[in-house]
Amino acid sequence: MHLDLTTTHAKDAYKILSGIVTPRPIALVTTLNEDKSINAAPFSFFNVLGASPPIIGFAPGDREPGIPKDTAKNIRRTKEFVVHLPDESIAQQMVGCAASWPYGVSELAAVGLTTTPSTALSVPRITEAPVALECEEWGTLNIGDNRLIIGRVLHVHTRSGILNPETLHIEENAYHPIGRVHGPDGYCTTRDQFKVERPE
Ligand SMILES: Cc1cc2nc3c(=O)[nH]c(=O)nc-3n(C[C@H](O)[C@H](O)[C@H](O)COP(=O)(O)O)c2cc1C
């Protein structure tokens, strides 16, 4: 099957690519609204992009042409955000954060999540998340209706037991982030792993 995303299937690009490029990690991002309330929203157009400096990227699409989602709007103003990697224990709450809550309603309180102050940022992090990355905006690329937000990771917080304190490797069976797969409500776990030896 051949699909031309420049002509016949341009309108299907989201459906095709979000179904094919899986599993994707999920960034549950907290930012500060103008009134200092906390905004939280999930984004699966997301990944770590490099280590020196340590950078991550995620991409909110515009709500309408030229109108950014609140996360992108807040980052443009404050230049800071926290990326959380949700695991199975907060999957439901993570999806709840994607709902359109009325302005002024804290998404986190509505879904039953709590916060802890960040180390370097004004915006707090989610206490229940297994991992939180405190980020400052490095830059944002506006590409059509996409905003590719690139953040420099300043601090990493992990639930105790996830990283071996000596080696800093992930402890076996201690970390189960979830991934996004095809369909509007498709997710996968990371429990069914296998190893492939690398050639010398
Ligand atoms: C698992 C999941 C992944 C999502 N990934 C994205 C994404 O990569 N880009 C995007 O624009 N919206 C994505 N969404 C939708 C946003 O979370 C949703 O539009 C949210 O209301 C945006 O909130 P904000 O306006 O507070 O930024 C995703 C939703 C879910 C549940």
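What counts as what
- Residues numbered from 1 in each chain as written.
- Predicted model: local features only at pLDDT ≥ 70, side-chain atom pairs only at ≥ 80, totals over all residues.
- Helix = DSSP H or I, 4+ residues; strand = E, 2+ residues; numbered from the N terminus.
- Rg over C-alpha atoms; globule rule 2.2 N^0.38 Å.
- Buried ≥ 20, exposed ≤ 12 C-beta atoms within 10 Å, placed from the backbone.
- Contact = placed C-beta atoms within 7 Å.
- Pairing = 2+ DSSP bridges.
- Axes fitted to C-alpha atoms, helices over the stretch in contact; angles between N-to-C directions.
- Near = placed C-beta within 6 Å.
- Core = buried A, V, L, I, M, F, W, Y, C linked by C-beta atoms within 7 Å.

Engineer: Explain the overall build of the protein to me, using residue names and the numbers behind them.
Structural biologist: Looking only at helices and strands, the protein has 4 helices and 12 strands in total. A globule of 200 residues ought to have a C-alpha radius of gyration of about 16 Å, and the protein, at 17 Å, matches this closely. The C-alpha extent of the protein, read off along each of the three principal axes, is 55 × 55 × 35 Å. The burial tally for the protein puts 26% of its 200 residues in the buried class. For the protein, the proportion of contacts with a sequence separation of at least 24, taken over those separated by at least 6, is 57%.

Engineer: Just give me the short version of the sheet that holds strand 1 (residues 24-25), but keep the residues and values in it.
Structural biologist: The 3 strands lie next to each other as 1-11-12, forming an open sheet whose pairing is antiparallel. Lying at the two open borders of the sheet, with one neighbouring strand each, are strand 1 and strand 12 (187-188). As judged from the 2 bridges shared by strand 11 (residues 179-180) and strand 12, these two strands associate in the antiparallel manner. Along strand 12, the bridge assignment pairs Arg180 with Tyr187.

Engineer: Let's hear about the sheet that holds strand 2 (residues 27-32): which residues, and what values?
Structural biologist: The 7 strands are arranged 3-2-6-9-10-5-4 in an open sheet whose pairing can be described as antiparallel. Both edges of this open sheet fall to strand 3 (38-43) and strand 4 (46-51), since each of them pairs with a single strand only. Recorded for the sheet is a direction-independent mean angle of 35° between the axes of neighbouring strands. The pairing of strand 2 with strand 6 (residues 80-85) spans 3 bridges and is antiparallel. For Val29, the partnering residue across the bridge sits in strand 6 and is Val83.

Engineer: Please provide a residue-by-residue account of the environment of Lys11, values included.
Structural biologist: For Lys11, the location among the structural elements is in the segment before helix 1 (13-20). The class of Lys11 is exposed, set by 8 C-beta atoms lying within 10 Å. Along the backbone, Lys11 and Ile143 are 132 residues apart, and their C-alpha atoms lie at a distance of 16 Å.

Engineer: Explain the site of the ligand to me, using residue names and the numbers behind them.
Structural biologist: Close to the ligand lie 17 residues, the nearest being Ala41, Phe45, Lys69, Asp70 and Thr71. When contributions to the shell around the ligand are tallied by element, the ones reaching two or more residues are strand 3 and helix 2 (70-78). A total of 4 residues in the shell around the ligand trace back to one element, the largest contributor, which is strand 3.

Engineer: Account for the pairing of strand 2, with residues named and values stated.
Structural biologist: Regular strands place side chains that alternate from one sheet face to the opposite one. Judged by how many residues are buried, strand 2 sits mostly within the fold: 5 of 6 residues are covered. Counted along the chain from strand 2 to the antiparallel partner strand 3, the turn is 5 residues long, and its residue Lys36 has a positive phi close to 75°.

Engineer: Requested: an account of the nonpolar core, with residues and values cited.
Structural biologist: Judged by nonpolar contacts, the single largest core of 31 residues is most densely connected at Ala27, Leu28, Val29, Val82 and Val83. Elements with a contribution of two residues or more to this core: strand 2, strand 3, strand 5 (54-58), helix 2, strand 6 and strand 9 (131-143). Here Val82 is in contact with Val29, Thr30, Ser118, Leu121, Val123, Arg125, Ala132, Leu133, Glu134 and Cys135, once residues within four sequence places are set aside.

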